[in-house]
Amino acid sequence: MTSPTFRSLANPNYRRYAAGGVVSNTGTWMQRVAQDWLVLQLAVGSGATALGITTGLQFLPFLLLTPVAGLIADRMPKQRLLQLTNLGMALPAAALGLLAVTGSAEVWHVYVLAFLLGCASAFDAPARQSFVSELVDPVDLTNAVGLNSASFNAARLVGPGLAGVLIAAFGGGAVATGWVILLNAVSYAAPIWSLRHLDLARIDAAAPADRGPGAIREGVAYVRARPDLMLVLSMVFFAGTFGLNFQITSALMATEVFGKGPQEFGLLGTFLAVGSLTGSLLAARRAEVRHRLVVGSAIAFGATVMLAGLMPSYLTFALLAPVTGLTALTFITSANTYMQLNTDAGVRGRVMALYLMIFMGGTPVGAPIIGWIGHEYGARWTLLGGGLMTILGVGVSAIMYLRLEKARRERGAEAGAPLAEPAPAAF
């Protein structure tokens, strides 16, 4: 009998798709560590600011392009679209790796190629998020989303540590990071291969969205009419903008506070992934997701981030990292699952695009701010401030939800008709 935690893997299409994702995700996490270390090597004396700019540029396309990307995901066969986006992510990774290996890389190269990688990622993410619902039965969607997160975090468990070891083995400098980045470029071949070998007859593709004008506005209007979705999106904005900046905060804590090198920096990502993987597997066992879980996990995450900023040593910081990863992934997975399970299939690509635009598009705003705070006030304040803003954001989101839900019910009462789509109770 298949374990309930892994029941979606009984589906051959999903199993093949997930296998390609593990390989690519491992390469992605390796590049994240290598790219950050490359920036620190190239921008001596202004590493915090440069890291913030790099991260902001990599996620800026989510703010600019995701609405269009979501519409394309609703109109184009996702299997074909995902092959193109994986190729689009491989090319800038290969270019950056070659520049670093040849000793030609400069900070502005990293900025430009991080932005181009982000452009491809912005088109990839909505299609990838909504494609899962076409691969598995609706009753298995919660499980599949949880396993997707588990796959991502299993790669996160291996990738950062492996990147740190390889960078150190190749000499620890900018050239060493290039070889790791090139490995990521090669890793995109795995999902492209797996997508090409899916059984088309077993894919339950949604009907293409109407090609008339106003399709993006239709997706926005759908979300605006749903206070429950607005609550999730608001919390996701605060957590994504101010709390989920581990690329910057871990790098600054490792180098500036604890005086560590690339191996210890890479291991912090691995420690985070221990908790993240645990949270993902717990999510895969969950039968349903309610607002209560999304709200509670967001508060727990913010509190844990603040606590991390108070840790006195590298050891205590690393030991807390799994707890941080657990609370972060519980929040991320529950928010993602709630959005998918409570959205009509015909607009799911656009809704998930909006979700991703807010979740990841907030990073271009938050990352430079966090980098500036680290430069001006020290690395600890990047965590203390980020956690506090996440908790305050939950409070703002809850107030907004209660007001929107009250207004919606009043409009329904005035119309003299029952509400067609009642929002689930949040608390």
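Residues numbered from 1 in each chain as written. Predicted model: local features only at pLDDT ≥ 70, side-chain atom pairs only at ≥ 80, totals over all residues. Heavy atoms only, no water.

A word on the pattern of salt bridges
One pass over the structure, following the stated rule, counts 6 salt bridges. R350 is the partner of D74 in a salt bridge, and the nearest nitrogen-oxygen pair spans 2.8 Å. Within this pair, whereas D74 is found in helix α2 (residues 47–75), its partner R350 is found in helix α14 (residues 348–361), the two being separated by 276 residues in sequence. Per residue, the accessibility class of D74 equals that of R350, and both read buried. The closest approach of N and O atoms between D228 and R226, which form a salt bridge, is 2.8 Å. (Salt bridge = Lys/Arg side-chain N within 4 Å of Asp/Glu carboxyl O. Helix = DSSP H or I, 4+ residues; strand = E, 2+ residues; numbered from the N terminus. Buried < 20%, exposed > 50% of the residue type's maximum accessible area, 1.4 Å probe, protein only.)

A short note on the confidence of the model for the chain
Averaged over all residues, the pLDDT of the chain is 84; the fraction at 70 or higher stands at 92%. Confidence drops under pLDDT 50 across residues 419–427; counting only partners more than four residues distant or on other chains, this segment forms 28 contacts. (pLDDT = per-residue confidence, 0-100. Contact = heavy atoms within 4.5 Å.)

Describing the environment of R290
Along the polypeptide, R290 turns up in the loop between α11 (262–285) and α12 (291–308). Counting along the chain gives 33 residues from R290 to V257, while the straight-line C-alpha distance between them is 39 Å.

Concerning empty space enclosed by the protein
Inspection of the entire model under this criterion finds 3 cavities of 30 Å³ or more. Estimates place the volume of the second largest cavity at around 90 Å³. Forming the walls of the second largest cavity are F246, T249, S250, L268, L272, A308, F317, A321, T324 and L383. Secondary-structure elements contributing two or more residues to the lining of the second largest cavity are α10 (246–257), α11 and α13 (314–341). Partitioning the lining of the second largest cavity into residue classes produces 7 nonpolar, 3 polar and no charged. (1 Å grid on protein atoms, 1.4 Å probe; cavity = no way out; pocket = protein on both sides within 12 Å on 5 of 7 lines; lining within 4 Å. Points joined across faces, edges and corners; volume = space filled by probe spheres on them. Nonpolar A, V, L, I, M, F, W, Y, C, P; charged D, E, K, R; others polar.)

So, the nonpolar core
Grouped together as the largest cluster of nonpolar side chains are 83 residues, with contacts concentrated most on M235, V236, F317, F331, M339 and Y355. By residue number, the principal contributor to this core is α13, which donates 12 residues. Leave out the neighbours within four places in its chain, and F331 touches M235, V236, A239, V294, S297 and A298. Counting residues in hydrophobic clusters, the runner-up holds 19 residues, among them L82, L141, L195 and L198. (Core = buried A, V, L, I, M, F, W, Y, C linked by side-chain atoms within 4.5 Å.)

Side note on the environment of Y338
Among the structural elements, Y338 can be located in helix α13. Note on Y338: relative accessible area 1%, which makes it buried. When the C-alpha atoms of Y338 and H291 are compared, they prove to be 8.0 Å apart, with 47 residues separating the residues in sequence. A polar contact of 2.7 Å, which involves the side chain of Y338, links it to the side chain of D228. (Polar contact = N/O pair within 3.5 Å; in protein donor to acceptor, adjacent residues only side chain to side chain.)

Considerations on the environment of T324
With respect to the helices and strands, T324 occurs in helix α13. Beyond its immediate stretch of four places on either side in the chain, T324 contacts F246, L272, F301, T304 and V305.

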